[in-house]
Amino acid sequence: MKRFLLIICAVIGIAVSASAQKAQFQIGYGGYTQMDCSDMHPWGDVNNAWGALTAAVNFKVAPKFMIGASYTFSSASYKHHDGNAFYHVLMLNARYDYWRNSIVKLYAHGALGSCITHAAVDDESKDKGYVAFQVSPLGAEVGIGRGAALFGELGYGAQGLVQVGFRFNM
């Protein structure tokens, strides 16, 4: 029985790693993030937030399913204090393609991870951790060449309400 289970695990591992050989890299920008609209910073209200810059790598594990990891950076300044808050977000991502043709893919994207906020105000600094997520039920990817695509997503979370960017396959 142990050998049978080990063989099944080995076969599943080989199948997953064989289909996950192609990596897809992405760079994107998102506006109005989870950190901007919720209380993910000490010392009061933020004055100015510029959005979020995200870098990610995804691997195809099934014909319509990708998983991967992402890093998102964002910052904001405070209204009533002289200082800034910096957000570092690491998340695990999942993406499901629900419609495609030769040029366009429509997909849903979800992510879950953690946000570390580093806030520095007037000679004091604090670090806090928060749960970060992204739910984007509507995403579109348009191929612009061999292995390259532009994308846009509508959703809510640490990567923004609207996220746009560039993807390329390796």
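Refer to the structure printed above.
Residues numbered from 1 in each chain as written. Predicted model: local features only at pLDDT ≥ 70, side-chain atom pairs only at ≥ 80, totals over all residues. Heavy atoms only, no water.

(A) A look at the overall build of the protein. Secondary structure assignment for the protein yields two helices and eight strands. Ordered by position in the sequence, the α and β elements of the protein form the string α-β-α-β-β-β-β-β-β-β. Counting every position in the protein, which comprises 170 residues, the buried fraction comes to 36%. As presented, the protein carries roughly 9600 Å² of accessible surface, and 68% of it is formed by carbon and sulfur atoms. (Helix = DSSP H or I, 4+ residues; strand = E, 2+ residues; numbered from the N terminus. Buried < 20%, exposed > 50% of the residue type's maximum accessible area, 1.4 Å probe, protein only. Areas by Shrake-Rupley, 256 points an atom, 1.4 Å probe, with all protein chains shown as cover.)

(B) Molecular detail of the layout of surface pockets. Here the largest pocket defines a volume of roughly 410 Å³. If you trace the largest pocket, you find 22 residues lining it, with Gln24, Lys60, Lys105, Glu141 and Asn169 closest to the centre. At the level of secondary structure, the elements contributing two or more residues to the lining of the largest pocket comprise strand S1 (23-31), strand S4 (83-100), strand S5 (104-121), strand S6 (124-145), strand S7 (148-157) and strand S8 (162-169). Residue composition of the lining of the largest pocket, by class: seven nonpolar, seven polar and eight charged. (1 Å grid on protein atoms, 1.4 Å probe; cavity = no way out; pocket = protein on both sides within 12 Å on 5 of 7 lines; lining within 4 Å. Points joined across faces, edges and corners; volume = space filled by probe spheres on them. Nonpolar A, V, L, I, M, F, W, Y, C, P; charged D, E, K, R; others polar.)

(C) Highlighting the packing of aromatic side chains. All told, the structure shown has four aromatic pairs when counted by the stated rule. Ring centres of Phe73 and Phe86 lie 6.3 Å apart, and the angle between their planes is 20 degrees; on these two criteria the pair is classed as stacked. Of this pair, Phe73 sits in strand S3 (residues 65-78) while Phe86 sits in strand S4, placing them 13 residues apart in sequence. Sitting above the plane of the Tyr107 ring, Arg95 keeps its charged end 4.7 Å from the centroid. The ring of Phe151 has Arg167 lying over it, and the distance from NZ or CZ to the ring centre is 4.0 Å. (Phe/Tyr/Trp six-rings, centres within 6.5 Å; stacked < 30°, edge-to-face > 60°. Lys NZ or Arg CZ within 6 Å of the ring centre and 35° of its normal.)

(D) Main features of empty space enclosed by the protein. Tallied over the entire structure, the rule returns one cavity of 30 Å³ or more. Gln26, Asn58, Asn93, His109 and Arg167 are the residues nearest the centre of the largest cavity, which is lined by 13 residues in total. Where the lining of the largest cavity is concerned, the elements lending two or more residues are strand S2 (46-62), S3, S4 and S5. Among the elements that take part in the lining of the largest cavity, S4 stands out by supplying three residues, more than any other. Among the residues making up the lining of the largest cavity, the classes are represented as four nonpolar, six polar and three charged.

(E) Spatial organisation of the side chain of Thr33. Tracing the chain through its elements places Thr33 in the loop between S1 and helix H2 (34-37). Residue Thr33 is classed as buried on the basis of its relative accessible area of 0%. In this structure Thr33 touches Gly51, Ala52, Gly157, Ala158, Gln159 and Gly160, once residues within four positions along its chain are discounted. (Contact = heavy atoms within 4.5 Å.)

(F) Layout of unusual backbone geometry. Positive phi, close to 55 degrees, is recorded for Tyr32, a residue that is not glycine. Note that Tyr32 resides in the loop between S1 and H2.

(G) Summary view of the environment of Ala111. Its place among the elements puts Ala111 in strand S5. Under the relative-accessibility criterion, Ala111 is labelled buried at 11%. Separated by 16 residues in the primary sequence, Ala111 and Arg95 have C-alpha atoms spaced 8.7 Å apart.

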